[in-house]
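# Tertiary structure, described
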Amino acid sequence: MKKGGESRSAPKASFFSYFFSSGEFFLYIEMQKCYNTTMQIWFIGRTLASQAGEAGSTPVICFLYGVLAQLGARNIRIVEARGSNPLYSSFQGIVRYQILRLYLFAMKAYRKEKEQRPMKSQLTISLLVSDRRDTLKRCLDSIVPLLNAVDSELIIVFTGKDPETLEIARQYTSNIIPFTWCDDFAKARNAGLEEANGEWFLYLDDDEWFEDTTEIIRFFKSGEYREYETATYIQRNYDDWEGRSYNDAQVGRMCRLTPEIRFVSPIHEGLYPFEDPRKTIQSYVHHYGYVESGSASEGRKKFERNTALLRKVYEENPTAHICMQLAQEYRYVDEEEIAIEYCREGLRLAEKEERIHIHEMWMQVHLPVMLSSIGKKEEAVEAGEKLLLSSRLLEVGQAHIYSILSTLCWDLQRCQEGIRYVRKFHKTMRYLERHPEKAERQTGGSVTYTTAWEHAMPAYVAGVFFAAELKDPKQMKEILSWMPWDREKLVSKHYEHLDKLKVGDEEQRKEVLDGYSRLQTNNPYVSLQKAFHAEEKHLPAKAEKYYTVCAGNCPSGFMHQIVQMAGRNGFSLTPLLEHTSPETWRAYVN
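Residues numbered from 1 in each chain as written. Predicted model: local features only at pLDDT ≥ 70, side-chain atom pairs only at ≥ 80, totals over all residues. Heavy atoms only, no water.

### Comments concerning the overall build of the chain
Heads up, the rule is: Helix numbers and strand numbers start at the N terminus; a helix is a DSSP run of H or I with at least 4 residues, a strand a run of E with at least 2. Burial here depends on accessible area, computed with a 1.4 Å probe over protein chains only, as a share of the maximum for the residue type. Under 20% is buried, over 50% is exposed, and the range in between is partly exposed. The method behind every accessible area is Shrake-Rupley, applied with a 1.4 Å probe, and residues are considered shielded solely by the protein chains displayed.
A count of helical and extended segments in the chain gives 27 helices and twelve strands. Looking at the chain residue by residue over its 590 residues, the buried ones come to 51%. Total accessible area on the chain stands at roughly 29,200 Å², and carbon and sulfur atoms take up 51% of it.

Spelled out as C-alpha cells, the structure:
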C-alpha cells in the first residue's frame, strides 16, 4: 500500500488540455471550413492516436485527433510516421503550418507529463465521503486489510463540510479531493476516477462496509485479475436496522482502468462501459442506506430530489438505464402505475441496444411483478409470456419469470398451465447448474442465479398443489423430489403450507407421506414426515429413528406434532429436551 496514496501537486493533464490551453483554440472553428465526413475524420484520428501512443482510445478521442488533423489539411494524407510524430503532405498556408506546430508542441508536453507520472499500482479504491461520521470509520476500517495486502491507493472525494469527518478521512489517506456538491454523483465519482493511478478501480460509499475482503485480496494476489475486465461484488441492502431482512444485489463496482471508463448518470451512477469478461465475487458490503429513517416527509423529499434529477436526464437523453432508475424510484414510494410505464418504455429502448445490460434484466423480471402487485394478474401473465418469447431474455431471467408465472397461475387457478411453468422453471435451473459460467455472468442487479433459487420453493410448492388439484400423485412426488431440502433457509418458511397437503383427503395424505419417504435427505421436516410414514406402516424402530432426527432439530411450529408422536409411541422426550431451550419449552407447555 502506498502510504495514504500520496497527494499529487496538480491534476493529471490530457493531450487536449495542452492543445486547448496553447492560446490558439480559436483555430478549432476552422473545422467548419475543412469539413469532411465523420468516418474519415475518425479514421484519420484513430491512426494519429495510435501513432501518438494512445492506441485503444475512445471514439471521442479518436474523433478529436481527427479534428486536429483536419485543421491541418482538408484532404490530409498520412505518408509517413517517424517515432511518434506524423508527417503530412500538401501542407499549404499558415493555418496548416500552425496546426502542425501546435500538434507537436502539445504532444511533446503531454508525453513529458505522462513520463513523470508515478508507476501504476494494482488497485485504486475510491470513496465518496459526505458527513456520515457514524459509518465512515467502519467503512474505512473494512478496507484496511485490502489496502495492506494489495499494492493499492485510497482516494477520497470529500463532498461534506464537517471538519471532524474530514479528520477521520485524513487518518487513512492524504489523497483527499475536495468537491463542491452539484447534485451530480457521476461528476463527484469522476473526480476520483480522474486521479486514479491503479490498473484496476474499485469504489464504494461511506455508509457501507465490507464484511470480509479475503476473496478480493485473492483475486489480485493470485494474478486472476489479469484475466478479467470487470468484477462485481455483493451489496447487502437491509430493510430494517436490526439486519433481519435484506436482499443481495451483485453490483458492478470493479473494473480495469481504461481511457474510456467513466461514471454516468447524476444519480444511481455507474461505470460505463462495463465490459466482459466479468468476475463475480461473493464478498459483500453491509448497506443500510435504504432503511427508512426520519419522517415520511424526509423520504418524500429524497424521492422528489432523485426523480427531478432523473427526469432531467431522461428529457435530454432517454435511455433504458434511466427508465429503470425512474421505475425503481416510483416503485419505492408505491406509485406502481408510473413505475410500470417507465419499465415498459425502458424495455422498448433496451431493444435498440446491442448488448443485454443489467438494467434490462431487472425490468424484464419486475414488470410482471409490478403488474401483479396492483391486481393486474391476467396482464402480468400476458407480459411474462411475451417476455419469454424474446431472444433478449437470458436463462436467469427466464427462471425468474417461470417462477412468477407459476405462482400467478395458482392465484388464477390455472393448474395445467401452472404446472407447465413449474417444469420449465426446473429445467432452466438444471441447465444453469450445468453451465455455471452463464449462471455467474447473467445478473440484473438484484436478479441473479442466487435469487432464482429463492424463487424455487414458491414455484415448487405451487407445483405440488397443482398436481394435487389435478389428482396426479406421480407429478406431486416428482416435484417434492426437486425441492432444495438441504437448503434449510430456503425451505423452512414453506413447511406450514406444505403440511396442508395432508389435510382433508386421506388418500392424498398417504401419497404425500409416501413421496417424503423416498427422499434422500436429513431435513428435519422431511424426517418428521418419514416418521409419520413409518408409524402408519407399523415400523416402530424406523419411526423412532426418524423421530430422533427431527427431535434434535425441531422445525419451528412443529413441536406439538413431535410431542404427540412421542406420546403415541412411548418415545423418550430426551432428544427433544436436549435441544430445546427452557424458554421454548415453557412457551410450548403454556
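### Some words on the pairing of strand β3 (residues 121-129)
The following threshold applies: Pairing between two strands requires that DSSP report at least two bridges joining them. A right-handed crossover is one whose linking path, passing over the helix from the first strand to the second, runs clockwise when the strands point away from the viewer.
Buried residues dominate β3, accounting for nine of its nine residues. Across seven bridges, the pairing between β3 and strand β6 (residues 198-205) is parallel. Bridge assignment links S121 to a residue of β6, and that residue is G198. Across seven bridges, the pairing between β3 and strand β4 (residues 152-158) is parallel. Pairing of L128 across the sheet is with V157, part of β4. Tracing the backbone out of β3, into helix α5 (residues 133-149) and back to the parallel element β4 gives a crossover that is right-handed.

### Considering the environment of L412
Note the cut-off: Two residues form a contact once any of their heavy atoms are found within 4.5 Å.
Tracing the sequence through the fold places L412 in the loop between α14 (395-411) and α15 (415-434). Counting along the chain gives 34 residues from L412 to E378, while the straight-line C-alpha distance between them is 8.1 Å. Once residues lying within four places of it in the same chain are set aside, the contact partners of L412 are K377, E378 and V381.

### A look at the packing of helix α23 (residues 524-536) against helix α25 (residues 559-569)
Just so we agree on the cut-off: Geometry is summarised by axes, namely lines fitted to C-alpha atoms with helices restricted to the contacting stretch, and by angles between N-to-C directions that run from 0 to 180 degrees. If an angle is under 35 degrees, it is roughly parallel; if it is over 145, roughly antiparallel; if it lies from 65 to 115, roughly perpendicular; otherwise it is oblique. Crossings are sorted by hand: turned counterclockwise from the far helix by less than a right angle, the near helix makes the crossing left-handed, and turned clockwise it makes it right-handed.
It is at 11 Å that the axes of α23 and α25 come closest, and there the two elements cross at 25°. Our classification of the angle between α23 and α25 gives roughly parallel. Handedness of the α23/α25 crossing: left-handed. Side by side, α23 and α25 meet where L528, A531, F532 and E535 of the first sit next to Q561, I562, M565, R568 and N569 of the second.

### Examining unusual backbone geometry
Along the chain, Y272 connects to P273 via a cis peptide bond; the corresponding omega equals -5°. Residue P277 follows D276 across a cis peptide bond; omega there is 0°. Mapped onto the elements of the fold, P277 is located in the loop between β11 (270-272) and β12 (278-287). The residue D334 is not glycine, and still its phi comes out positive at about 65°. The residue D334 is located in the loop between α10 (320-332) and α11 (336-350) in this model. Of note in the backbone geometry, K471 takes a positive phi value of approximately 55° without being a glycine.

### Quick notes on the pattern of salt bridges
Put simply, the rule is: Note on definitions: salt bridges are taken to be side-chain nitrogens of Lys or Arg within 4 Å of carboxyl oxygens of Asp or Glu.
Throughout the structure, instances matching the rule amount to 31 salt bridges. When the shortest N-O distance is used, the salt bridge between D248 and R236 registers 2.9 Å. Separated by twelve residues along the polypeptide, D248 in strand β9 (residues 246-256) and R236 in strand β8 (residues 230-238) bring together distant segments of the chain. Two residues, R423 and E478, come together in a salt bridge whose shortest N-O distance is 3.1 Å. Placement of R423 in helix α15 and of E478 in helix α19 (residues 473-482) is noted, with a sequence separation of 55 residues between them. The exposure class assigned to R423 is partly exposed, which follows from its relative accessible area of 31%. The network of salt bridges with shared partners includes R189, D205, E208, R253 and E269.

### Focus on the packing of aromatic side chains
The criterion, for reference: Ring pairs are drawn from Phe, Tyr and Trp, using the six-membered ring of Trp, whenever the two centres fall within 6.5 Å, and their geometry is named by plane angle: stacked under 30 degrees, edge-to-face over 60, tilted for the rest.
Per the counting criterion, the structure on display carries 29 aromatic pairs. Residues Y203 and F263 carry aromatic rings whose centres are separated by 4.8 Å and whose planes lie at 85° to one another, so their mutual orientation is edge-to-face. With Y203 in strand β6 and F263 in strand β10 (residues 262-264), this residue pair connects regions lying 60 residues apart in the sequence. Here the two residues Y203 and F263 agree in accessibility, since each one is buried. Ring centres of Y238 and Y246 lie 5.6 Å apart, and the angle between their planes is 65°; this geometry places the pair in the edge-to-face category. With a relative accessible area of 5%, Y238 lands in the buried category.

### Quick notes on helix α13 (residues 377-388)
The following threshold applies: A helix is expected to reach a length of 1.5 Å times the quantity of its residues less one.
The terminal C-alpha atoms of α13 lie 16 Å apart, and with twelve residues this matches the ideal 16 Å at 1.5 Å per residue to within 8%. Its buried side turned inward, α13 meets α11, α12 (358-373), α14 and α15.

### Examining the environment of R311
Summarising the element assignment, R311 is placed in helix α9 (residues 296-316). Each C-alpha atom, one on R311 and one on C323, is 9.0 Å from the other, the two residues being twelve residues apart in sequence. If we ignore the near neighbours within four places in the chain, the residues touching R311 are L326, Y330 and Y342.

### Describing the side chain of R189
Within the element layout of this structure, R189 appears in helix α7 (residues 185-195). Accessibility expressed as a relative area gives 4% for R189, which makes it buried. If near-sequence neighbours (up to four positions away) are discounted, R189 is found in contact with L128, Y203, L204, D205, F263 and E269.

### Things to note about the packing of α5 against helix α8 (residues 214-221)
To describe two helices that pack against each other, one gives the angle between their axes and the distance between the axes. We apply this condition: In the scheme used here, Gly and all other residues not listed as nonpolar or charged are polar, with Ala, Val, Leu, Ile, Met, Phe, Trp, Tyr, Cys and Pro taken as nonpolar and Asp, Glu, Lys and Arg as charged.
For the pair α5 and α8, interaxial distance at closest approach is 10 Å and the crossing angle is 15°. By the criterion of interaxial angle, the relationship of α5 to α8 is roughly parallel. Two packed elements cross with a definite hand, and for α5 against α8 that hand is right-handed. Judged by residue contacts, P145, L146 and A149 of α5 engage I216, I217 and K221 from α8. In the contact of α5 with α8, the residues fall into five nonpolar, no polar and one charged.

### Examining the pairing of β4
Burial runs high along β4: seven of the seven residues are buried. With burial as the criterion, each face of β4 is covered, one bearing S152, L154, I156 and F158 and the other bearing E153, I155 and V157. Note that β4 and strand β5 (residues 176-178) share three bridges and pair parallel. Looking at β5, one finds that V157 is bridged to I177.

### Some thoughts on a positive patch on the surface
Rules: Each patch is built from residues that are more than 30% exposed by relative accessible area and take part in no salt bridge. Like charges join if they lie within 9 Å; nonpolar side chains (Val, Leu, Ile, Met, Phe, Trp, Tyr) join within 5 Å. Residues scored as positive are Lys and Arg, those scored as negative are Asp and Glu, and His as well as the terminal groups of each chain are ignored. Lysine's charge is taken at NZ, arginine's at CZ, aspartate's at CG and glutamate's at CD.
On the surface, a cluster of positive charge is contributed by R420, K424, K427 and R434. The residue K427 is located in helix α15 in this model.

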